[in-house]
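# Per-entry structural report
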Amino acid sequence: MSGKPRLTYFNGRGRMESIRWLLAAAGVEFEEVYLETKEQYDKLIKDGFLLFQQVPLVEMDGMKMVQTRAIQSYIAGKYNLYGKDLKERALIDMYVEGVADLMQMILTFPFSPPDAKEKNLDSIKERATNRYFPVFEKVLKQHGQDFLVGNKFSWADVQLMEAILAVEEKIPAVLSGFPQLQVFKTKMSNMPTIKKFLQPGSPRKPPPDAHYVETVLKVFKK
Amino acid sequence: MSGKPKLYYFDGRGKMESIRWLLAAAGVEFEEEFLETREQYEKLLQGGSLLFQQVPMVEIDGMRMVQTRAILSYIAAKYNLYGKDLKERALIDMYVGGTDDLMGFILMFPFLSTEDKEKQRAFIVQKATSRYFPVYEKVLKDHGQDFLVGNNFSWADVHLLEAILMVEEKKSDVLSGFPQLQAFKTRISSIPTIKKFLEPGSQRKPVPDDKYVETVRRVLCMYYDVKAN
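In this text, all values refer to a predicted model and were calculated from it rather than measured experimentally. Throughout, residues of each chain are indexed from 1 in the direction in which the sequence is written. Whichever chain is written first becomes A and whichever ligand is written first becomes 1, with later ones labelled in order. Confidence filtering applies because this is a predicted model: local features only for residues at pLDDT of at least 70, side-chain atom pairs given and counted only at 80 or more, and all residues used for totals across whole chains, interfaces and linings. Values reported for side chains reflect all heavy atoms of the structure, with hydrogen atoms and water molecules removed beforehand.

All names here are of chain A. Only strands joined by at least two bridges in the DSSP assignment are considered to pair. The helix and strand labels rest on DSSP assignments: H or I over at least four residues marks a helix, E over at least two residues marks a strand, and numbering proceeds from the N terminus. Read across the open sheet, the four strands follow the order β2-β1-β3-β4; overall the sheet is mixed. Only two strands of the sheet have a single partner each, and these edge strands are β2 (31-34) and β4 (63-66). Sheet twist, expressed as the average angle between the axes of neighbouring strands with direction ignored, equals 20 degrees. Each of β3 (57-60) and β4 touches helix α3 (residues 68-78); the most contacted strand, β4, lies at about 120 degrees to it. Here, axes are lines fitted to C-alpha atoms. For helices the fit covers the stretch in contact, and angles between N-to-C directions go from 0 to 180 degrees. By the convention used here, residues are in contact when the closest approach between their heavy atoms is within 4.5 Å.

Have a look at this one:
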């Protein structure tokens, strides 16, 4: 037992990527087990590892944690990325949940039928530029601080950074109307732990491809 | 300003119901403003009250909180329904995540076509009895305590009771293979604040009907079809 958190998921982004980001941002090294076959998945279920028969699974501090949000909250709480009090936590939660709704659209995108992809891409662009990015642009402009909440690096900053990069992969000029977010992106990129995560060879996963989609469908096939 | 939390939502369950349950369980009185017209909603939007242009929205402690999970976490922590430490909070979060997924299947139910409703009902019951209820049955059996986490009443218990009652509305004998959950249901329902919430005249909302669906569609201009799972 290495003592490091152990992540079980597909070899790809999906719902685990936000957890990888958060652990990396906190400077926490982790191990990964990749799901490749249905047999592996069935065995995990049979052996009682997956509380609700689902991944992500993160083994950490003696717990077999499932449910993405529960895992992220625990990591944020443990590594002081969750604000200094209840009200800061509430703000972080609001921001993170909003960004998660945007990320959900990106999560499901690779699994949508080919004829729906253009429409879905338009939806992502519309939501990012009209609903989500303006909120964070305004927050940063109003308080003029480097970080979203409490003048301190938190889970909210990590999650927003992940989302910005993910949307930019689909819509490269998406930040053109958002000067504060451009500065934010640069600042985040230069934070040592994040900078390291953005370098080649880190545990960061590439954008989902056909092989990833195929693997997920195969493992979850009934 | 009364000092009481104020809830902005439709006059119906939807995503706000879990918040009503939790406030009620904590013994916190609250006010409600019901969205009935598109104009009301647009006024809230223009006034800047809705951070991501969505409801639920809860005015509480000087904040206009949005995002159901954020609101619930805040209430749970404020009223000591979130465990005693990080690990208990993690367990509560995991359990609530499960019941949230289960109730999510029920949330969309009123918006489905009649044909899809039958399919979805079967899906809900299947997931409840094969994926979710067995987990909580085992948790309660293994530790033999009255509450899910840390031998103390928490958000996880409130959320599970809400989920049980909602699934029972779809299939009344759904708890027949789950003796621990039956006892849990009786026990939690007897807690004074919950008992009060379960009585007629409380702020608990009834099973969504056509009028509710019509109101939501009208206010949100949500006229597209919702798909079953």
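The subject of this paragraph is the confidence of the model for chain B. Along the chain, pLDDT gives the predictor's confidence residue by residue, from 0 to 100. Chain-level pLDDT for chain B is 96 on average; 99% of the residues reach the 70-or-more range. Scored as a whole, the predicted complex attains pTM 0.97, and scored at its interfaces, ipTM 0.96.

Residue and element names in this part refer to chain B. Summarising the element assignment, K6 is placed in strand β1 (residues 6-9). Remark: exposure states derive from per-residue accessible area (1.4 Å probe, protein chains only) relative to the maximum for the residue type, with buried under 20%, exposed over 50%, and partly exposed in between. Classification of K6 as partly exposed rests on a relative accessible area of 21%. In this structure, K6 is in contact with E31, E33, M57, V58 and E59, ignoring residues within four places of it in sequence. At 3.2 Å, the side chain of K6 forms a polar contact with the side chain of E33. By the criterion applied in these results, polar contacts are pairs of N or O atoms within 3.5 Å in which, for protein atoms, one can donate a hydrogen and the other can accept it, and in which residues neighboring in sequence qualify only through two side-chain atoms.

Let's shift gears to the nonpolar core. Ranked by internal contacts, the top residues of the largest apolar core, which has 163 residues, are A:F133, B:F133 and B:L148. Other than its neighbours up to four places away in sequence, B:L148 contacts B:Y95, B:Y136, B:V139, B:L140, B:H143, B:A156, B:D157, B:L160 and B:F184. To form a nonpolar core, buried Ala, Val, Leu, Ile, Met, Phe, Trp, Tyr and Cys residues must be joined to one another through side-chain atoms within 4.5 Å.

Further remarks concern helix α9 (residues 210-219) of chain A. All names here are of chain A. Those residues of α9 lying buried are Y212, V213, T215, V216 and V219. Angularly, the buried residues of α9 cover 160 degrees about the axis, an arc narrow enough to put them on a single face. Seen from the buried face of α9, the exposed residues on the opposite side, beyond 90 degrees, are A210, H211, E214 and L217. Of the surrounding secondary structure, the elements contacted by the buried residues of α9 are β1 (6-9) and α2 (38-46). Near the N-terminus of α9, the side chain that reaches the backbone nitrogen of H211, with its oxygen 3.2 Å away, is that of D209. The reported arc concerns the directions from the helix axis to the C-beta atoms and nothing else.

On to the pairing of strand β2 (residues 31-34) of chain B, then. Judged from the four bridges that link them, β1(B) and β2(B) form a sheet pairing that is parallel. Its bridge partner being in β2(B), B:Y8 is matched across the sheet by B:E33.

With that settled, the discussion passes to the domain arrangement of chain A. Residue and element names in this part refer to chain A. When its domains are assigned, chain A resolves into domain 1 (6-79 + 198-209) and domain 2 (86-191). The C-alpha centroid of domain 2 is placed 22 Å from the C-alpha centroid of domain 1. With 16 residues of domain 1 at the contact, the number on the domain 2 side is 15 residues. With both chains or domains summed, domain 1 and domain 2 bury close to 1300 Å², and 62% of this area falls on carbon and sulfur atoms. By the criterion of area lost to domain 2, the three top residues of domain 1 are R15, W21 and R69, representing 36% of everything that side buries. What counts as a salt bridge is simple: a side-chain nitrogen of Lys or Arg found within 4 Å of a carboxyl oxygen of Asp or Glu. Counting across the domain 1 and domain 2 interface gives three salt bridges. R204 serves as the salt-bridge partner of E169, at 3.9 Å between the closest nitrogen and oxygen. If you look at where domain 1 meets domain 2, you find five residue pairs in polar contact (both at pLDDT 80 or more). Note that the domain bounds reflect an automated or database-derived domain assignment. Computed with a 1.4 Å rolling probe, the buried area is the accessible surface lost when two parts are put together, summed over both parts.

With that out of the way, let us pick up the environment of B:Y212. Residue and element names in this part refer to chain B. By the element assignment, Y212 lies in helix α9 (residues 210-220). Sequence separation of Y212 and P110 is 102 residues, and the distance between their C-alpha atoms is 8.7 Å. In contact with Y212, not counting residues within four places along its chain, are Y9, F10, D11, G12, R13, G14 and F111.

This part takes up unusual backbone geometry. The peptide bond linking A:V55 to A:P56 adopts the cis configuration, its omega dihedral lying at 10 degrees. Structurally, A:P56 can be placed in the loop between α2 and β3. In this model, B:V55 is joined to B:P56 through a cis peptide bond whose omega is 10 degrees. Position of B:P56 among the secondary structure elements: in the loop between α2 (38-46) and β3 (57-60).

Only the six-membered ring of Trp is used, alongside the rings of Phe and Tyr, when aromatic pairs are assigned; centres must lie within 6.5 Å, and planes under 30 degrees apart are stacked while those over 60 apart are edge-to-face, with the rest tilted. Counted according to the given criterion, the structure contains 23 aromatic pairs over all chains. With a centroid separation of 5.3 Å and an interplanar angle of 90 degrees, the aromatic rings of A:F10 and A:F220 are classed as edge-to-face. Of this pair, A:F10 sits in the loop between β1 and α1 (17-25) while A:F220 sits in the segment after α9, and the two are 210 residues apart along the sequence. The class for A:F220 is partly exposed, based on a relative accessible area of 33%. Put simply, the rings of A:Y9, A:F10, A:Y41, A:F111, A:Y212 and A:F220 touch in pairs and so form one group of aromatic residues. Here B:R89 stacks its cationic end above the ring of B:Y82, 5.5 Å away from the centre of that ring. Either the NZ atom of lysine or the CZ atom of arginine qualifies as a charge over a ring when it sits within 6 Å of the ring centre and within 35 degrees of the ring normal. Seen from the ring of B:F109, B:K170 lies directly overhead, with NZ or CZ sitting 4.1 Å from the centre.

This part takes up the UniProt feature "domain: GST N-terminal" (unreviewed entry) in chain B. UniProt positions are given in the numbering used here, feature names are shortened, and annotations may be inferred rather than shown by experiment. Within this numbering scheme, the UniProt entry marks residues 3-83 of chain B as carrying the feature "domain: GST N-terminal" (unreviewed entry). Across residues 3-83 of chain B, helical content stands at 36% and strand content at 20%; the span's end C-alpha atoms are separated by 26 Å.

Here the focus is the interface of chain B and chain A. At the interface, 32 residues of chain B touch 32 residues of chain A. Buried area between chain B and chain A, summed over both chains or domains, comes out near 2800 Å², and the portion from carbon and sulfur atoms is 62%. The three residues of chain B that bury the most area against chain A are B:F52, B:M94 and B:R131, which together make up 23% of that side's buried surface. Where chain B touches chain A, the interface holds zero salt bridges. Between chain B and chain A we count 10 residue pairs in polar contact (both at pLDDT 80 or more) in total.

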